[in-house]
Amino acid sequence: MNSRPFPVHVAIILDGNGRWAQRRGLPRLAGHRAGARALRKNFKIFRQSGIRYLSLFGFSTENWRRSSDEVQGLMRIFLNAAQRNAREILDARARFHWIGSDDGLPAVLVRRLRQLEEKTKGEDDFHLILALNYGGRDEVVRAARKMAESTSSVDFAQWTWENFSRYLDTRHVPDIDLVIRTSGEQRLSNFMLLQMAYAEIFFTPTLWPDFTGETFQLALDFYASRDRRWGGGLISKET
Ligand code: IPE
Ligand code: MG
């Protein structure tokens, strides 16, 4: 009997906080606060859904281009969230990973993220990967530098994908199976590009602050209907 395919690793590009606020005549930061609330509300649903890895795009290396008011407000929200949600992450027995660069992030935020990683490193049932100050291209460049620095004799035959991927921020994390992007935009915005090489992609018009278990279920149903082939072509399945 064939069971319906279920994703191990889901990655979400959280989008639409600004539009959510705009539609209510509120400032953009109110939208980001609503986004943080949506994350808290949905966390249990993700935790209990049966997926093992959840990656979230919180702030990209390109988001620094926003107004300094918005960037500062976002940093405050992240700091708050790191503090407020730590208890819940620990109680949920989730392992926390931060991916991205520390370049430009407030030192106190970096410290909190690292502390949470340290405190949860014994867990393995569920992994929460938070991309903060993350860009796919930035990650590749940082990984290439690390690999070059740690290799004394240069044997280019050793520069395989397997070896290189050990220098990526996601070295402890399997490839992404399902990407969800909210707010109707249909692009990948430099998010975990190598990790989503074979992912299925679900676009929903729902704005992130309005995301619920129902939206998540639609994404899982979409995934269950897909026929993944990893470049292998149409292989006739044994029954
Ligand atoms: C996504 O919402 C949240 C972050 C990037 C931090 P946006 O702020 O991009 O919302 P829109 O696209 O303006 O609606
Ligand atoms: Mg946006």
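It should be emphasised that the depicted structure is a prediction, and the values quoted were computed from it without experimental measurement.

A. Up close: a nonpolar patch on the surface. A surface patch of nonpolar side chains, amounting to about 330 Å² of accessible area, comprises Val154, Phe156 and Trp159. On the secondary structure map, phenylalanine 156 appears in the loop between helix 6 (136-150) and helix 7 (161-165).

B. Molecular detail of the sheet that holds strand 1 (residues 9-13). Spatial ordering of the open sheet is given by 3-4-2-1-5-6, a layout of 6 strands whose pairing is parallel. Each having just a single partner strand, strand 3 (94-99) and strand 6 (200-203) make up the two edges of the open sheet. Pairwise comparison of adjacent strand axes, ignoring direction, gives a mean angle of 20° for this sheet. Relative to strand 5 (residues 178-181), strand 1 runs parallel, the two sharing 4 bridges. For isoleucine 12, the partnering residue across the bridge sits in strand 5 and is isoleucine 180. The strands touched by helix 2 (residues 28-48) are strand 1, strand 2 (53-60), strand 3 and strand 4 (126-134); relative to strand 4, the strand with the most contacts, the crossing angle is about 140°.

C. Quick peek at the packing of aromatic side chains. Considering all chains together, one arrives at 12 aromatic pairs under this definition. Summarising the aromatic geometry, the rings of phenylalanine 46 and phenylalanine 211 are spaced 6.0 Å apart at their centres and angled 40° between planes, so their arrangement reads as tilted. Of this pair, phenylalanine 46 sits in helix 2 while phenylalanine 211 sits in the loop between strand 6 and helix 8 (213-224), and the two are 165 residues apart along the sequence. Of the two residues, phenylalanine 46 and phenylalanine 211, neither departs from the other in class, the shared state being buried. In textbook terms, an aromatic cluster arises when at least three aromatic residues are bridged by ring pairs, as seen for Phe46, Trp208, Phe211 and Phe216. The ring of tryptophan 20 has arginine 24 lying over it, and the distance from NZ or CZ to the ring centre is 3.9 Å.

D. Local environment of the site of ligand 1. With respect to spatial proximity, the complete set of residues near ligand 1 consists of Leu14, Asp15, Gly16, Asn17, Gly18, Arg19, Arg28, His32, Gly58, Asn63, Arg66 and Leu74. The separation between an oxygen atom of ligand 1 and a polar main-chain atom of asparagine 17 is 3.1 Å. Within the contact set of ligand 1, an oxygen atom lies 2.7 Å away from a side-chain nitrogen or oxygen of arginine 66. When isolated, ligand 1 has an accessible area of 390 Å², and the protein chains bury 86% of it. Applying the majority rule of atoms within 2 Å of the grid points places ligand 1 in the largest pocket. Those elements that place two or more of their residues in the shell around ligand 1 are helix 1 (17-23) and helix 2. Per-element tally for the shell around ligand 1: the top contributor is helix 1, with 3 residues.

Basis of the calculations
Residues numbered from 1 in each chain as written. Chains lettered and ligands numbered in written order. Predicted model: local features only at pLDDT ≥ 70, side-chain atom pairs only at ≥ 80, totals over all residues. Heavy atoms only, no water. Patch = residues over 30% accessible without salt bridge, like charges linked within 9 Å, V, L, I, M, F, W, Y side chains within 5 Å. Areas by Shrake-Rupley, 256 points an atom, 1.4 Å probe, with all protein chains shown as cover. Salt bridge = Lys/Arg side-chain N within 4 Å of Asp/Glu carboxyl O. Helix = DSSP H or I, 4+ residues; strand = E, 2+ residues; numbered from the N terminus. Pairing = 2+ DSSP bridges. Axes fitted to C-alpha atoms, helices over the stretch in contact; angles between N-to-C directions. Contact = heavy atoms within 4.5 Å. Phe/Tyr/Trp six-rings, centres within 6.5 Å; stacked < 30°, edge-to-face > 60°. Buried < 20%, exposed > 50% of the residue type's maximum accessible area, 1.4 Å probe, protein only. Lys NZ or Arg CZ within 6 Å of the ring centre and 35° of its normal. Near = heavy atom within 4 Å. Polar contact = N/O pair within 3.5 Å; in protein donor to acceptor, adjacent residues only side chain to side chain. 1 Å grid on protein atoms, 1.4 Å probe; cavity = no way out; pocket = protein on both sides within 12 Å on 5 of 7 lines; lining within 4 Å. Sits in = over half its atoms within 2 Å of the grid points.

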